[in-house]
Amino acid sequence: MDNRILLIEDEPNISEAIRFILQRDGYLVDMHSDGATALAAVAQKHPGMVILDVMLPNRSGFDILRDLRANDATAGLPVLILTARGQDKDRDLAMRLGASRFITKPFSNADVLTAVRELIAP
Amino acid sequence: MVPFNLLVLVCLLYVLLLFLIAFAAAKRAETGQLGWLRSPWVYTLSLSIYCTAWTFYGAVGYAARSGLEYVTIYLGPTLVMVGWWWFLRKLVRVGRTQRVTSIADLISSRYGKSNLLGVIVTLMAVIGTTPYIALQLKSVTLSFAVFASNQPEGGTMPDLNATALWVATGLALFTVLFGTRNLDANERHHGVVTAIALEAIVKLAALLAVGVFVVWGLAEGPADMLARIDASPVSGWDLRGGRWVTLIFLSAVAFISLPRMFQVLVVENSDERHLATASWAFPLYLFLISLFVVPIAVTGLAVLPAGTNPDLFVLTLPLSQGAEGLAMLAFLGGFSSATSMVIVAAIALSTMVSNHIVMPVWLSLRGSRASMSGDVRGVVLQARRLSIGAILLLGYLYFRFSGGGEALAAIGLISFAGVAQVLPALVGGLFWRGATRNGAAAGLLLGFAVWAYTMFIPSFGESALMSAELLTEGPFAIGWLRPHALFGIGGLDPLVHAVFWSMTLNTIAFVTGSLLSFPGPMERLQGAQFVNVFDHTGAARGWSGGAAEAEDLLVMSQRILGSKEAQALFQAEARSQGRGGYLPDVTPDFIERLERELTGSVGAATAHAMLGQIVGGSSVSVQDLMAVADETAQMLEYSNRLEAKSRELARTARQLRDANEKLTELSVQKDAFLSQISHELRTPMTSIRAFSEILLQDGAMSAAKQKDYAGIIHDETIRLTRLLDDLLDLSVLEAGQVQLNIQSANLRDILDRALVATQSGERATGLRIFRDVASEDIELQTDTDRLCQVFINLISNAQKYCDAASPELRIRARSSGDHLEVDLSDNGCGIPEKSQDMIFEKFSRLSDEARAGGAGLGLAICREIMLNLGGRVEYLPGQGGAAFRVIVPFAPGPAAAQGPSGAS
């Protein structure tokens, strides 16, 4: 299923907001909140893309991204990094690690939707 | 008859002539036209102040009393001049190269510039010369009296004491005028010396005239005179060997060491070559002046009535024969002898007194400012003028109180013996490098004491100073301490006795003291300068061989390496050469070693140059080298100071580095903190923005959903507000700027308030609280609001994070010493050990705490509050669940009461 999105985010209110806008646009949204088990969730859900927070409990989003890119099965998987750490060095690091898009919090809902639409169709 | 007033007039005219000559000579010298002033003849004639009134009048008296013994007084200087010219040359050379100002200065300078020795010699010289000055006053006074007693009326017999006082005053005036024109005693007194040369001619001419008058006028030529001498009792007296030797010795020593002789011989010497002329011309002068002594004595004894004072034959013989002009000349001769001696002696002594006694005292009284202020010159000159007055006053007083009945020669001999005490220190200083300051001081003091005891004090006669019993029985009836028979050796002539014991003990003390003491560097250097004066200033001779060179190397090395190190180095080298002491043979190996050592201190080039100059015998003087060594010592001192500065700088740099590291660390912490803050602020704002956009754009949403999302926005706003509040609170607490509101309270009331706050409204959870209310009844002085805030934070942490199925919190309080402890422990899984260290840090939120809405500042705030209250909060590990202990003092310390630094 191409329009399946895995949202890895520990803040429940933010997850709820993103889920709402994406579902309203026609995407299927799975939600996950723990860093340590995020990779397993990706393997299990086979999403069309991943929206990934950086400051996650137990494991950093950057670590997860690196593992995703290192793995042949997920090397091409579109990943949108969504983080409250908005400094240039964080953006640089994310892009170097192979992030497809980088959006800082707080974000405009429209920006998130645009980015997701460019990565996968609903 | 010569009218007395005419005599006074002639006297005054003569003095006026002396004034004019002295003045003219001084003027010539000032304008640089030295010319004949520097003639060796002037020098030779000035030496004639050796021949004082004692010689002029006293020699005849001496001959009349003791026969030929008077010759000894002339033999001594003659022997010195003819036989010891090399000694005089050395003395003059040392005096000139060292710019010596007096004999006291010479001794002081030789022994390491010791002012102690200067003072000793000065006092000895003053005391020793006083009788001599008295002698001159006495002779002048007596000669006046001779003329006065021949007055026809006789009624105008002048008061002897008044005459002496007038003479003394006049001499003081003359000496002050011409003796204290220059500050530098080493600058020659050309005016005075010229006047003295004139007086030398006058007195020689006078005595020769009287002699010719006697031989060719009264007798009938030399042959008749010799016959008369043979018939006279003068020729009959025995020659007493002991006295002869003693007298020749004394007069020889006195010729060198009398302050006035030293003045003309060494200080006033302008050219060393003058000594060559004087070495034959001065004995000739002495020969001439003594030539007619015996004829005059013999004739006087024969012609004049018995009981006439033989000391005045020179005057009374012409007078008795009606040769008044000749008598007048003789009087002027005697007057010249007396005045020239007094003037030069006063100059010499005043220089010594001002340089060695007045100036040191003045400088020490004025402290360091003295050398800076401009009136030093005035003080010196004033001191010299006053000294001249004081010295002449002393002479006058001695004249008044010594009884006045002594023969002239006896008084002169007392002086001779007194100043002779300088001899061992002087000769030893010039010829023996082992002579030391301590030895010189010991010898001088002992010799002088013995002289005073056996000769000087008894010369006052039976006075308050020394009673008749003491002289005959000894002090406290101790026989062997009798002044005229020390150690039980009686029967000697008092003079021989005194000279023998004083000189013997003096020499023994000097040699023993020198052998037992170790000279300081300055002493050794000066010793080398004095003993080797000809070597050191000789152009090409330089330094070569022997212990002297090793010692010079040692002196040099001490200046550079420090006294102990250098001595140790030399001693080690001497030992390795199989020698004792500290002076090794100067082998090339040793010089190389020494150069290496010196290189460490002054650098290779300088060390090589310095050693090369010493060893290679270049013409550089020791003083030049010492100047370099002194500079090196200064440079070492500067270098030490620089090192200290450098250490200080290094310390400052280290402090700066530390501070910088701290700042860097703080900066890193600040970045991390800002990053955290940013994250913590962005998170709720993200929710707020996202949901408000949803609400704004989605009109078709159900009312329930709308309310739901508005609730989220509301909650996140509150979370944001609380975060900002906590941040501000923490910032105030950390800066120590919190204003504490200390008041009396009961712990139970505070806990009650905390529980009400945590269990009301939306915060209420299922946490059950167990308290021991009885244990909480503790009174304390604290900021109750702040303490309550700590409890609220801890309780709400338990509410948020206690993961037990039925969460419980136990609160226990107890007193301990000056503080109380409150434990709050829940029954959850507690905090993992690895996290326990960091839970009190900002944003140290553990993994899953975010869900509970905390920003991770609560415990950090607790910690800061407790520090402000003078207590602390700590995690108690191993209690099952999470357990915290709050420790609060019953009353805050002074710091806490004020609020930490600068509560405003």
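Definitions and cut-offs
Residues take numbers from 1 onward in each chain, read along the sequence in its written order. Each chain is given a letter, starting from A, and each ligand a number, starting from 1, according to the order in which they appear as written. For this predicted model, a pLDDT threshold of at least 70 governs which residues receive local features, and a threshold of 80 or more governs which side-chain atom pairs are given and counted, while totals over whole chains, interfaces and linings are taken from all residues. Only DSSP runs of H or I with at least four residues qualify as helices, and only runs of E with at least two residues qualify as strands; both kinds are numbered from the N terminus onward. Residue count minus one, scaled by 1.5 Å, sets the expected span of a helix. Axes are fitted to the seven residues ending at a residue and to the seven starting at it; the angle between these axes is taken as the bend at that residue. Backbone-placed C-beta atoms define the burial measure: a residue is buried with 20 or more other C-beta atoms within 10 Å of its own, exposed with 12 or fewer, and partly exposed in between. By definition, pLDDT measures how confident the predictor is in each residue, and it falls between 0 and 100. We call two residues in contact whenever the C-beta atoms placed from their backbones are within 7 Å. Three classes are used: nonpolar for Ala, Val, Leu, Ile, Met, Phe, Trp, Tyr, Cys and Pro, charged for Asp, Glu, Lys and Arg, and polar for all others, with Gly counted as polar. Any two strands with at least two DSSP bridges between them are considered paired. In this analysis an axis means a line fitted to C-alpha atoms, helices contributing only their contacting stretch, and an angle means the value between N-to-C directions, from 0 to 180 degrees.

### What about helix H3 (residues 53-66) of chain B?
All names here are of chain B.
Piece 1. If you check H3, its first and last C-alpha atoms are 18 Å apart, about what 14 residues at 1.5 Å a residue would give, namely 20 Å.
Piece 2. Remark: the principal bend of H3, roughly 40°, maps to alanine 59.
Piece 3. Across the 14 residues that make up H3, a large majority, 12, are buried.
Piece 4. Every buried residue of H3 is accounted for by Ala53, Trp54, Thr55, Phe56, Tyr57, Gly58, Ala59, Val60, Gly61, Tyr62, Ala63 and Ala64.
Piece 5. Just downstream of H3 lies glycine 67, where phi reads positive at about 70°.

### Section: the confidence of the model for chain B
Residues and elements named next belong to chain B.
Piece 1. Scored by pLDDT, chain B comes out at a mean of 76, with 76% of its residues at no less than 70.
Piece 2. Segment residues 895-904: pLDDT under 50, and 18 contacts once partners within four positions in sequence are set aside and those in other chains are kept.
Piece 3. Taken together, the chains of this predicted complex give a pTM of 0.52 and an interface ipTM of 0.93.

### What about the interface of chain B and chain A?
Interface size is commonly expressed as the accessible area that is lost once the parts come together.
Piece 1. Contact with chain B, which involves 18 residues of that partner, is made by 17 residues of chain A.
Piece 2. Elements with a contribution of two residues or more to the side of chain B that touches chain A: helix H29 (622-697) and helix H30 (703-734) of chain B.
Piece 3. It is H29 of chain B that provides the largest number of residues to the side of chain B that touches chain A, a total of 13 residues.
Piece 4. When grouped by side-chain class, the residues that make up the side of chain B that touches chain A number 6 nonpolar, 7 polar and 5 charged.

### Here we look at the sheet that holds strand S2 (residues 768-771) of chain B
Residue and element names in this part refer to chain B.
Piece 1. Taken in spatial order, the 5 strands make up an open sheet running S2-S4-S5-S7-S6, and their pairing is mixed. This sheet does not close on itself; its edge strands, each paired only once, are S2 and strand S6 (872-875). Sheet twist, expressed as the mean angle between neighbouring strand axes with direction ignored, is 20°.
Piece 2. In this structure, strand S4 (residues 808-816) lies alongside strand S5 (residues 819-826), joined through 8 bridges in antiparallel fashion. Directly across from serine 815, in S5, lies its bridge partner leucine 820.
Piece 3. Seen against the sheet, helix H34 (residues 858-868) touches S6 and strand S7 (883-889) and runs at an angle of roughly 140° to S6.

### Some points on the sheet that holds strand S1 (residues 4-8) of chain A
Residues and elements named next belong to chain A.
Piece 1. What the 5 strands build is an open sheet, ordered S2-S1-S3-S4-S5; its pairing is parallel. Bordering the open sheet on either side are strand S2 (28-32) and strand S5 (101-104), each of which pairs with just one other strand. In this sheet, adjacent strand axes meet at a mean angle of 20° when their direction is disregarded.
Piece 2. Note that strand S4 (residues 79-83) and S5 share 4 bridges and pair parallel. Counted as the bridge partner of isoleucine 81 is phenylalanine 102 from S5.
Piece 3. Each of S1, strand S3 (49-52), S4 and S5 is contacted by helix H5 (residues 109-119), which is oriented at about 170° to S5, the strand it contacts most.

### Quick word on unusual backbone geometry
Residue and element names in this part refer to chain A.
Piece 1. Residue proline 106 is reached from lysine 105 by a cis peptide bond, and omega for that bond is -10°.
Piece 2. With respect to the helices and strands, the residue proline 106 is situated in the loop between S5 and H5.
Piece 3. Residue histidine 46 is not a glycine yet carries a positive backbone phi of 45°.
Piece 4. By the element assignment, histidine 46 lies in the loop between helix H2 (38-45) and S3.
Piece 5. What makes histidine 46 exposed here is the crowd of 12 C-beta atoms within 10 Å.
Piece 6. The backbone of asparagine 58 sits at a positive phi, close to 75°, despite the residue not being glycine.
Piece 7. Relative to the helices and strands, asparagine 58 resides in the loop between S3 and helix H3 (61-70).
Piece 8. On the neighbour-count criterion, asparagine 58 (12 C-beta atoms within 10 Å) is exposed.

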